[in-house]
Amino acid sequence: MSTKKISVQLFKPGIVQANAIMLGEKLVKLWKIPTDRPLQLTFGSFKQDINVIPVPKYSGLRISAALSKQMGLSSRPELKIHYHAGSRTLRLGPLIGIMISRDHPNMPDNPFGSISMFCRELVNACQKQGAHVYFFTPDHITSSTSSIQGWIYDGGWRMTQMPIADVINNRLTSRKMENNPSVQHFMKEVKSLHGSHIFNEKFLDKTEVFDALKKETNLHRYMPESHLLNGYAILKKMCTTHSVVFLKPIRGSLGKGIIRITKQPDGTFHTLSTIMGGTQKKIYATLPKLFTSISGKMKSTRYQIQQGLTLIDHGKHPVDFRSLVQKNGTGNWSVTSIVARIAGGSHFVSNLARGGSLSTVKDAVLKSNMPVAAKNTAYINLKLASMQIAKGLDNAIPAHFGELGIDLAMDNTGRIWLLEVNSKPSKNDNTPLNEQKIRPSVRQIVQYSSFLSGF
């Protein structure tokens, strides 16, 4: 089964029947495409019986305006095409759908808010790679799963009816939205009815990740001691074993709600919490008093309690690393980028949303007090850890992931530790420092989608 990138054009009404397509004669002969009987043309979930008319000295594909409208195509896209002789099917694609949280129809120049530039970049990447992309929100989901309203870019953003995509990238940023029954039903139906592939289909929480990865023996060296905080006993055990522990909301993001507990030489316990605009410090005479203080929060927020680590620092500001790991055009995990994140101001978390800043791995490591040998191997060891953790997660959690944001730390000996795994990595938080017009991370989404859809 061969694949080729081809230019799709419209022919004027009345030239041939609306359900005929005109295809370059050379390609028709090369692929032995029959012209004396109907074939099936597919584009995502769209299917139509068509007749092929070979055209001498022509290398593109021409379709009618009626077909083009049904397919949601416009102004001469370049798409991949292949012919499957066994089923007499001519496939165009890949058709990629991006499920996003919200749109702003009254702002056509900036319809997706802070991710509008990312969406435009994805359109450009698809055009270069012979794919077609559209964007939709949960509000566009209806009881029909044969087509969906989506945003396309055609000299400007506009909405049109689209077939269900070959591949859907779930970029919802809210668990509540993702767990909506209509969204869950849609994802289940398009997989079973149309064979659509959905990647990053679910959020991960911290307990789920650490419990799953504990089963992967080759990952134990990266795992700080970590448990679900389910009562006083585990708090006492962890604070007895470790001089510093962290409480992290298991469904938290952007560094919200993290509490650092430090046992002092005089037996008291100090907490430092992330709050709006900064941090809050409190002192407790005993551990039971500290537990009484946080037990109220535990009624509404479930916490992961994790061993505190002595991270390398940058001018006394803690440093950690965000690795973006993505599946590539052969379906294998690869590391797209690793950046160092430096905590800002009085913060003890490095999230950019809390004033953190980015640095290259090389610069951050050079300014640390790790041994020279550890500095020299830091990047390659971070890359290795990222790959092993991504593969381990694939083995341990029964869900489809195509990209992961993996947060890692290094201590002063150069040992690498896993902090957390994010299945919805922000397109702002992991931007490579030397930003190009189309980032490698965006190209990779298209390449993996092409692989999944068989193009």
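Computed from a predicted model, the values in this text were never measured in an experiment.

What to know about the overall build of the protein
Looking only at helices and strands, the protein features eleven helices and 25 strands. Dimensions along the principal axes, computed over C-alpha positions, put the protein at roughly 90 × 50 × 40 Å. The buried share of the protein, reckoned over its 455 residues, is 55%. Intrachain contacts of the protein at a sequence separation of at least 6 include 66% that bridge at least 24 residues. For the protein, the computed accessible surface area is about 20600 Å², with 52% contributed by carbon and sulfur atoms. Each charge class in the protein can be summarised by its mean position, and for the 58 positive and 29 negative side chains these summaries are 1 Å apart.

What about the nonpolar core?
One finds I21, L23, I33, L41, L92 and F186 to be the most contacted residues of the largest nonpolar core, which totals 41 residues. Per element, the largest residue contribution to this core is four residues, and it comes from helix α5 (residues 181–194). Ignoring anything within four residues of it in the chain, the contact list for I33 reads L23, L27, V28, L39, V52, Y83 and L90. In this structure, A212, V325, A364 and A399 belong to the second largest nonpolar core, which totals 39 residues.

What to know about the packing of aromatic side chains
Tallied over the full model, the rule gives ten aromatic pairs. Ring plane angle 40° and centroid distance 5.5 Å describe the contact between F112 and F135, whose orientation is recorded as tilted. Placement of F112 in the loop between β8 (95–99) and α3 (116–129) and of F135 in strand β9 (residues 132–136) is noted, with a sequence separation of 23 residues between them. Overall, the relative accessible area of 4% leaves F112 in the buried class. On the numbers, 5.7 Å between centres and 65° between planes, the contact of F136 with F186 is edge-to-face. Taken together, the residues F136 in strand β9 and F186 in helix α5 connect sequence positions 50 residues apart. Here a set of aromatic residues connected by ring pairs shows up, and it is made of F112, F135, W151, Y153 and W157. One residue, R62, lies across the ring of Y58, its end atom 4.4 Å from the ring centre. We note R120 situated over the ring of Y153; from NZ or CZ to the ring centre the distance is 3.7 Å.

A closer look at helix α6 (residues 206–213)
Counting buried positions along α6 yields six of eight residues, so the element is predominantly enclosed. On its buried face, α6 is in contact with β14 (226–228), β15 (244–249), β19 (303–307), α10 (372–396) and β25 (416–422).

Considerations on unusual backbone geometry
That bond from G93 to P94 is cis: its omega, -5°, falls within 30 degrees of zero. Here P94 shows up in the loop between β7 (89–93) and β8. The phi dihedral of K32 falls on the positive side, at around 55°, and the residue is not glycine. Its location among the elements puts K32 in the loop between α1 (25–30) and β3 (39–43).

Description of helix α7 (residues 232–241)
Among all positions of α7, only I234, L235, M238 and C239 are buried. Looking straight down α7, one finds that the buried residues subtend no more than 125° of arc, so they occupy a single side. Counted as exposed and oriented over 90 degrees from the buried face of α7: A233 and T240. The secondary structure elements touched by the buried residues of α7 are β14, β15, β16 (259–263), β17 (269–275), α8 (287–298) and β19.

Thoughts on the pattern of salt bridges
Counted according to the given criterion, the structure contains 18 salt bridges. K424 is the salt-bridge partner of E178, the closest N and O atoms lying 2.6 Å from each other. Here the residue E178 occupies a position in helix α4 (residues 175–178), and K424 occupies one in the loop between β25 and α11 (440–452), the gap between them amounting to 246 residues. You'll find E178 and K424 in the same group, each marked buried.

Considerations on the sheet that holds β15
Strands sit in the order β14-β19-β15-β16-β17-β18 across an open sheet of six strands; the sheet is antiparallel. Because the sheet does not close on itself, it has two edges, and the strands there are β14 and β18 (278–284). Recorded for the sheet is a direction-independent mean angle of 20° between the axes of neighbouring strands. In this fold α7 packs onto β14, β15, β16, β17 and β19, with an angle of close to 20° to the strand it touches most, β19.

The rules behind these values
Residues numbered from 1 in each chain as written. Predicted model: local features only at pLDDT ≥ 70, side-chain atom pairs only at ≥ 80, totals over all residues. Heavy atoms only, no water. Helix = DSSP H or I, 4+ residues; strand = E, 2+ residues; numbered from the N terminus. Buried < 20%, exposed > 50% of the residue type's maximum accessible area, 1.4 Å probe, protein only. Contact = heavy atoms within 4.5 Å. Areas by Shrake-Rupley, 256 points an atom, 1.4 Å probe, with all protein chains shown as cover. Lys, Arg positive; Asp, Glu negative; His and termini not counted. Charge placed at Lys NZ, Arg CZ, Asp CG, Glu CD. Core = buried A, V, L, I, M, F, W, Y, C linked by side-chain atoms within 4.5 Å. Phe/Tyr/Trp six-rings, centres within 6.5 Å; stacked < 30°, edge-to-face > 60°. Lys NZ or Arg CZ within 6 Å of the ring centre and 35° of its normal. Arc of directions from axis to C-beta. Salt bridge = Lys/Arg side-chain N within 4 Å of Asp/Glu carboxyl O. Pairing = 2+ DSSP bridges. Axes fitted to C-alpha atoms, helices over the stretch in contact; angles between N-to-C directions.

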